[in-house]
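# Structure assessment
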Amino acid sequence: MNDGLETKPTLETILERINALGAEMRAGFDAINKRFEAVEISLDRVESVSSQTRAEMLTLRADFREWQSALKEHLPALR
């Protein structure tokens with residue numbers, strides 16, 4: 001019968017350690033989630049710059065074609 005009484009403090013210690021481990025894991029996952037949020041924000045900014053750059057490139061391409069067409073009108077040898 002004494003065996004049950006002797007293991008009770010050990011079980012309490014194990015439960016405390018499990019709870020402490022759970023708290024550490026939650027804190028670690030919270031830190032990881034914050035880092036992922038920062039990465040997502042950075043990726044959104046990169047995507048925004050990329051889209052803006054693409055739009056500017058398409059505008060330059062249209063301007064170049066317009067310039068090329070006008071140049072062909074003035075210089076018949078380019079036709």
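Conventions adopted
- Residues numbered from 1 in each chain as written.
- Predicted model: local features only at pLDDT ≥ 70, side-chain atom pairs only at ≥ 80, totals over all residues.
- Heavy atoms only, no water.
- Helix = DSSP H or I, 4+ residues; strand = E, 2+ residues; numbered from the N terminus.
- Buried < 20%, exposed > 50% of the residue type's maximum accessible area, 1.4 Å probe, protein only.
- Areas by Shrake-Rupley, 256 points an atom, 1.4 Å probe, with all protein chains shown as cover.
- Patch = residues over 30% accessible without salt bridge, like charges linked within 9 Å, V, L, I, M, F, W, Y side chains within 5 Å.
- Salt bridge = Lys/Arg side-chain N within 4 Å of Asp/Glu carboxyl O.
- Lys, Arg positive; Asp, Glu negative; His and termini not counted.
- Charge placed at Lys NZ, Arg CZ, Asp CG, Glu CD.
- Phe/Tyr/Trp six-rings, centres within 6.5 Å; stacked < 30°, edge-to-face > 60°.

## Focus on the overall build of the protein chain
When you go through the protein chain residue by residue, the secondary structure sums to one helix and zero strands. Within the protein chain, the proportion of its 79 residues that are buried is 1%. Total accessible area computed for the protein chain in this model is approximately 7700 Å², and 60% of it derives from carbon and sulfur atoms.

## Observations concerning a negative patch on the surface
On the surface, a cluster of negative charge is contributed by Glu 37, Glu 40, Asp 44 and Glu 47. Locating Glu 47 in the fold gives a position in helix 1 (residues 2-74). A relative accessible area of 51% means that Glu 47 is categorised as exposed.

## Describing the packing of aromatic side chains
Under the criterion given, the structure shown has one aromatic pair. Ring plane angle 35° and centroid distance 5.7 Å describe the contact between Phe 64 and Trp 67, whose orientation is recorded as tilted. Separated by three residues within a single helix, Phe 64 and Trp 67 lie in helix 1, roughly one turn from each other.

## Here's the deal with a nonpolar patch on the surface
Together, Leu 21, Met 25, Phe 29, Ile 32 and Phe 36 make up a nonpolar patch on the protein surface, roughly 510 Å² of accessible area in all. Tracing the backbone shows Ile 32 in helix 1.

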